[in-house]
Amino acid sequence: MKKHKTHILILDDDNPEKELQFEIEFQLSLTPAERYEIMDSLVQDTLELTTRNGYQNTPAIVARP
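Owing to the predicted nature of the structure, the values given are computational and were not obtained by experimental measurement.

Draft legend 1. Local environment of the side chain of Thr50. Relative to the assigned elements, Thr50 resides in helix α2 (residues 32-52). A distance of 2.9 Å separates a polar atom in the side chain of Thr50 from the backbone oxygen of Leu47.

Encoded structure:
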């Protein structure tokens, strides 16, 4: 069974600086393998969502000459 780290930021008002600091501290607390695992799951979720909503191929950037 995997242990997941849970971090919750609770703010009374919108504070982008504290949000950014929180995110940086959280990312630094993860190992590189954990970061790749999270990134991979986000990519898989996005691909699943686009397929479910009728997109055959994911959007791509096309270089034009």
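Draft legend 2. Examining the environment of Glu25 more closely. You can see Glu25 is positioned in helix α1 (residues 16-29). Note on Glu25: relative accessible area 47%, which makes it partly exposed. Between the alpha carbons of Glu25 and His7 there is a distance of 10.0 Å; along the sequence they are 18 residues apart.

Draft legend 3. Structural view of a negative patch on the surface. A grouping of Asp12, Asp13, Asp14 and Glu19 is seen on the molecular surface, where their side chains present a negatively charged patch. One can find Asp13 in the segment before α1.

About the criteria used
Residues numbered from 1 in each chain as written. Predicted model: local features only at pLDDT ≥ 70, side-chain atom pairs only at ≥ 80, totals over all residues. Heavy atoms only, no water. Helix = DSSP H or I, 4+ residues; strand = E, 2+ residues; numbered from the N terminus. Polar contact = N/O pair within 3.5 Å; in protein donor to acceptor, adjacent residues only side chain to side chain. Buried < 20%, exposed > 50% of the residue type's maximum accessible area, 1.4 Å probe, protein only. Patch = residues over 30% accessible without salt bridge, like charges linked within 9 Å, V, L, I, M, F, W, Y side chains within 5 Å. Areas by Shrake-Rupley, 256 points an atom, 1.4 Å probe, with all protein chains shown as cover. Salt bridge = Lys/Arg side-chain N within 4 Å of Asp/Glu carboxyl O. Lys, Arg positive; Asp, Glu negative; His and termini not counted. Charge placed at Lys NZ, Arg CZ, Asp CG, Glu CD.

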